[in-house]
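Understanding the architecture of this molecule
Chain by chain, the residues:
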Amino acid sequence: MRDAVTTLIRNYDSRGRYLDQLALDSLKGYFDTGLARVQVATMISAKAAEIVKAAASQLFETVPELIRPGGNAYTTRRYAACLRDMDYYLRYSSYALVAGNENVLDERVLQGLRETYNSLGVPIAPTVVGIQIMKDMVKAKAAEAGMEDTSFVDQPFDHILRELSEVSV
Ligand SMILES: CCC1=C(C)/C(=C/C2=NC(=C\c3[nH]c(/C=C4\NC(=O)[C@H](C)[C@H]4CC)c(C)c3CCC(=O)O)/C(CCC(=O)O)=C2C)NC1=O
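Residues numbered from 1 in each chain as written. Predicted model: local features only at pLDDT ≥ 70, side-chain atom pairs only at ≥ 80, totals over all residues. Heavy atoms only, no water.

Under the annotation held in an unreviewed UniProt entry, the protein chain carries the name Allophycocyanin subunit beta and is attributed to Leptolyngbya iicbica LK. Reading the Sequence similarities (unreviewed entry) entry of the UniProt record for the protein chain gives the comment "Belongs to the phycobiliprotein family." (UniProt positions renumbered as here; feature names shortened; annotations may be inferred.)

Spelled out as structure tokens, the structure:
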């Protein structure tokens, strides 16, 4: 698992170089958003259950077939599995936000995920919609809490969306 600082140092060390201006600018960007990253992660921790529940109901309103007979989230077990997956995406996104790096998502969440979903018939397009809804909710809550620039919140969510859909978002 890596973060913004270790990734950068690793990069420079592999070339035997001192940190240059580019490196220091990128570190400055990370530290400048550091407090905001922790604030958003704290907000996510406090409101995770609420966010997952609200995002799931919005998803099921948008794609009602999912919870009808024959839908992948139909039956209590699969409904619960779907909400649990959404909770995974939210929790690991909060880690990646603090780390300022998406490596934790690659290692812990995304590895083999498409294959698992395909073999179980879990549809990827609505999963993407669900993650997008959570991203928008987190950003809206951060803005409500008075945060002016919430653009850094996009990074982990967009990373998952990109990897899942394998198209640029
Ligand atoms: C921490 C990393 C991690 C991830 C990401 C993860 C995902 C994950 N989701 C699964 C299943 C599932 N995932 C879903 C999700 C959905 N179905 C839908 O229609 C919706 C679109 C969507 C919710 C948004 C469902 C319904 C299942 C159960 C499928 C089945 O067993 O038939 C499974 C198969 C095993 C199981 O049921 O637990 C895995 C491994 N597991 C992990 O350990």
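Additional details are given in the paragraphs that follow.
1. Comments concerning the UniProt feature "binding site: (2R,3E)-phycocyanobilin" (unreviewed entry) in the protein chain
With numbering aligned to this structure, UniProt lists the feature "binding site: (2R,3E)-phycocyanobilin" (unreviewed entry) at N72, R77 and C82. Of the annotated positions named here, the largest pocket is lined by N72, R77 and C82. Inspection of the secondary structure puts R77 in helix 4 (residues 76-99). Within the secondary structure, C82 sits in helix 4. Judged by relative accessible area, C82 falls into the partly exposed class, the value being 21%. In contact with C82, not counting residues within four places along its chain, are F60 and A73. (1 Å grid on protein atoms, 1.4 Å probe; cavity = no way out; pocket = protein on both sides within 12 Å on 5 of 7 lines; lining within 4 Å. Helix = DSSP H or I, 4+ residues; strand = E, 2+ residues; numbered from the N terminus. Buried < 20%, exposed > 50% of the residue type's maximum accessible area, 1.4 Å probe, protein only. Contact = heavy atoms within 4.5 Å.)

2. Structural notes on the site of the ligand
Of all residues adjacent to the ligand, which total 24 residues, the nearest are N72, R77, C82, R84 and D85. In the model, an oxygen atom of the ligand is placed 3.1 Å from a nitrogen or oxygen of the R77 side chain. Protein chains shield 81% of the accessible area of the ligand, which is 880 Å² for the free molecule. Taking a 2 Å distance to the grid points as the criterion, the majority of the atoms of the ligand fall inside the largest pocket. Among the secondary structure elements, those contributing two or more residues to the shell around the ligand are helix 4, helix 5 (103-110), helix 6 (113-120) and helix 7 (124-144). Residue contributions to the shell around the ligand peak at ten residues, all from helix 4. (Near = heavy atom within 4 Å. Polar contact = N/O pair within 3.5 Å; in protein donor to acceptor, adjacent residues only side chain to side chain. Areas by Shrake-Rupley, 256 points an atom, 1.4 Å probe, with all protein chains shown as cover. Sits in = over half its atoms within 2 Å of the grid points.)

3. Digging into the side chain of H159
Position of H159 relative to the elements: it lies in helix 8 (residues 154-165). Given a relative accessible area of 10%, H159 falls into the buried group. Here D106 takes part through its side chain, which lies 2.7 Å from a polar atom of the side chain of H159. Those residues in contact with H159, other than ones at most four positions away along the chain, are E102, L105, D106 and L110.

4. Some words on the domain arrangement of the protein chain
What the domain assignment reports for the protein chain is domain 1 (1-32) and domain 2 (34-164). Taken together, the contact pairs eight residues of domain 1 with ten residues of domain 2. Of the roughly 720 Å² buried where domain 1 meets domain 2, counting both sides, 43% is carbon and sulfur surface. Counting the surface domain 1 buries against domain 2, the share from its top three residues, M1, R2 and Y30, is 73%. (Domains from an automatic or database assignment. Buried area = accessible area lost by both parts, 1.4 Å probe.)

5. Describing the packing of aromatic side chains
A complete count under the given rule lists three aromatic pairs for this structure. With a centroid separation of 5.3 Å and 80 degrees between ring planes, the pair formed by Y92 and Y95 is classed as edge-to-face. Here Y95 and Y92 lie together in helix 4, a separation of three residues that amounts to about one turn. Given a relative accessible area of 15%, Y92 falls into the buried group. The side chain of R15 reaches across the aromatic face of Y12, ending 4.9 Å from its centre. (Phe/Tyr/Trp six-rings, centres within 6.5 Å; stacked < 30°, edge-to-face > 60°. Lys NZ or Arg CZ within 6 Å of the ring centre and 35° of its normal.)

6. Overview of the packing of helix 5 against helix 8
At their nearest, the axes of helix 5 and helix 8 sit 10 Å apart, and the two run at 50 degrees to each other. Here helix 5 is positioned oblique relative to helix 8, judged by the angle of their axes. Classified by chirality, the crossing of helix 8 by helix 5 is right-handed. Facing L105, D106 and L110 of helix 5, the residues of helix 8 in contact are P156, H159, I160 and E163. Tallied by class, the residues present in the contact of helix 5 with helix 8 amount to four nonpolar, one polar and two charged. (Axes fitted to C-alpha atoms, helices over the stretch in contact; angles between N-to-C directions. Parallel < 35°, antiparallel > 145°, perpendicular 65-115°, else oblique. Left-handed = near helix turned anticlockwise from the far one by under 90°. Nonpolar A, V, L, I, M, F, W, Y, C, P; charged D, E, K, R; others polar.)

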